[in-house]
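# Fold and geometry: a report
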Amino acid sequence: MTRRGFVGVFLLGCLLAQAASMRAWADEAQAPAEARTKYVRLERDKSDELVALQTAIVRFAPSDPAQSGLTVDLVGAVHVGEKAYYEALNKQFESYDVVLYELVAPPGTRIPKGAKPGNHPVAMLQNWLKDVLQLEHQLQYVDYTKENMLHADMSPDDFSKSMNDRGESFFTMFVRMMGQAMAQQSLQKNQGKAPELDLFAALFDKDRAGALKRLMAEQFENVEGAMEALDGPGGSTIITERNKVALGKLAEQIAAGKKKIAIFYGAGHMTDIEKHLLADFHLKRASEQWLTAWKLEKTPEAPKSQPAKPAASIMPRRIPSARLSLAGRLSTNR
């Protein structure tokens with residue numbers, strides 16, 4: 001394996017550890033997963049084999065009939081996915097008066113078509129993950145140039161100030177998650193599980209990208225609880241403060257008379273946003289639909305071709321079968 005390959009494996013290990021740690025923390029600190037709204041789910045077939053990783057579009061409508069006509073859709077997203085997934089989202093966005101989207105960028109930012117992730121470490125990791133899993137990045141295929149797309153996130157300066165005010169840093173969050181990962185690995189070993197072996201097996205699978213996708217999908221399924229845990233009881237910049245900006249933009253759009261509104265944010269943000277829609281905007285759940293972000297079916301193996309029987313003219317009877325067997329083995333093990 002090349003040096004770049006080793007770096008990639010290390011980064012994937014860190015990402016898996018991060019996801020595992022967040023999941024463990026969420027399981028301890030939060031209510032059971034069944035009691036929480038889900039914006040990411042795994043679809044399985046009758047044999048319990050993974051079929052797809054899916055994200056939700058959940059529609060909310062006013063509890064008061066006098067406000068009929070207003071709908072707010074929470075469109076959860078994963079930042080790397082199938083091209084068809086982002087094309088389906090583009091089609092969905094055409095039906096809204098306004099789509100409020102996330103991106104830590106200066107106010108009014110308009111993302112050009114086919115934009116590439118920046119040089120931020122998180123963006124670089126996402127871009128690497130896209131290549132390893134043979135997926136696409138959200139920025140490259142979501143069409144942010146449409147008139148109804150509205151930036152609804154913090155500016156870099158506001159984001160940095162909020163983190164400083166809260167005493168937060170990416171390093172401290174990373175250390176905290178890695179500490180939880182170590183505890184989770186010990187717990188898994190006590191339960192007889194071996195996540196390292198699963199990763200090792202995936203790396204040497206014939207369909208490596210597919211095997212790694214299935215391994216990662218298992219971790220992403222509980223993203224809501226993981227993000228709640230990362231947010232903590234006092235909230236955080238990465239979830240709480242950014243969501244406040246999106247909700248402020250939502251209030252402005254409702255006041256401006258917009259009726260069909262979508263909030264397009266990472267799926268991990270949606271549990272917190274939903275709480276505010278219910279409590280502050282007096283909305284209620286009306287419906288939901290699911291989109292496939294990752295296809296996870298195993299690629300069927302091609303049937304092995306049977307070796308042709310040697311012609312009688314080149315297979316003299318006087319050669320013992322044992323010698324033929326040895327020759328065959330030597331010819332296939334050179």
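This one's a predicted model, so the numbers in the text were calculated from it and none came from an experiment. (Residues numbered from 1 in each chain as written. Predicted model: local features only at pLDDT ≥ 70, side-chain atom pairs only at ≥ 80, totals over all residues. Heavy atoms only, no water.)

### Notes on the packing of helix α5 (residues 156–166) against helix α10 (residues 237–255)
Relative orientation of the contacting elements α5 and α10 amounts to 125 degrees, with a least axis distance of 11 Å. Of the possible angle classes, the one that applies to α5 and α10 is oblique. Considering how the two elements wind past one another, α5 and α10 form a crossing that is right-handed. Touching Phe-159, Ser-162, Met-163 and Arg-166 of α5 are Thr-237, Ile-238, Thr-240, Glu-241 and Arg-242, all from α10. Residue classes in the contact of α5 with α10 are distributed as 3 nonpolar, 3 polar and 3 charged. (Axes fitted to C-alpha atoms, helices over the stretch in contact; angles between N-to-C directions. Helix = DSSP H or I, 4+ residues; strand = E, 2+ residues; numbered from the N terminus. Parallel < 35°, antiparallel > 145°, perpendicular 65-115°, else oblique. Left-handed = near helix turned anticlockwise from the far one by under 90°. Contact = heavy atoms within 4.5 Å. Nonpolar A, V, L, I, M, F, W, Y, C, P; charged D, E, K, R; others polar.)

### A closer look at the packing of aromatic side chains
Per the stated rule, a full pass over the model turns up 3 aromatic pairs. Note on Tyr-85 and Tyr-86: the rings are 5.0 Å apart at their centroids and 55 degrees apart in plane angle, and the pair reads as tilted. Exposure class is identical for Tyr-85 and Tyr-86. Each is buried. (Phe/Tyr/Trp six-rings, centres within 6.5 Å; stacked < 30°, edge-to-face > 60°. Buried < 20%, exposed > 50% of the residue type's maximum accessible area, 1.4 Å probe, protein only.)

### Here we look at the pattern of salt bridges
Applying the stated criterion across every chain yields a total of 14 salt bridges. A salt bridge links Lys-213 to Glu-82, with the shortest nitrogen-to-oxygen separation between them at 3.4 Å. In this pair, Lys-213 is assigned in helix α8 (residues 208–220) and Glu-82 in the loop between β4 (80–81) and α2 (83–93), connecting sequence segments 131 residues apart. Across the pair, Glu-82 and Lys-213 agree in class, each one buried. For Glu-241, the salt bridge goes to Lys-244, with nearest N and O atoms at 3.5 Å. With a gap of 3 residues between them, Glu-241 and Lys-244 both fall in helix α10, about one helical turn apart. Its relative accessible area of 17% is what places Glu-241 among the buried residues. Bridged by salt links that share partners, the residues Glu-102, Asp-153 and Arg-242 form one connected network. (Salt bridge = Lys/Arg side-chain N within 4 Å of Asp/Glu carboxyl O.)

### Some remarks on the confidence of the model for the protein
Fine structural detail should not be taken from predicted coordinates in areas where pLDDT scores are low. The share of residues in the protein with pLDDT of 70 or more is 66%, and the mean pLDDT across the chain is 76. By mean pLDDT, the top-scoring element of the protein is strand β5 (residues 98–101) (98), and the lowest-scoring one is helix α12 (residues 321–332) (34). Across residues 1–34, where pLDDT falls below 50, the model places 56 contacts with residues more than four positions away in sequence or in other chains. Predicted confidence is poor over residues 311–334, with pLDDT under 50, and the contacts of this stretch with residues over four places away or in other chains come to 3 contacts. (pLDDT = per-residue confidence, 0-100.)

### Focus on unusual backbone geometry
Even without being a glycine, Asp-48 presents a positive backbone phi close to 70 degrees. Along the chain, the position of Asp-48 falls in the loop between β1 (40–44) and β2 (50–62). When its relative accessible area of 52% is taken as the criterion, Asp-48 is described as exposed. The phi torsion at Gln-134 lies on the positive side, around 55 degrees, for a residue other than glycine. Counting through the fold element by element, Gln-134 comes out in the loop between α3 (121–132) and β6 (136–137). For Gln-134, a relative accessible area of 62% corresponds to the exposed category.

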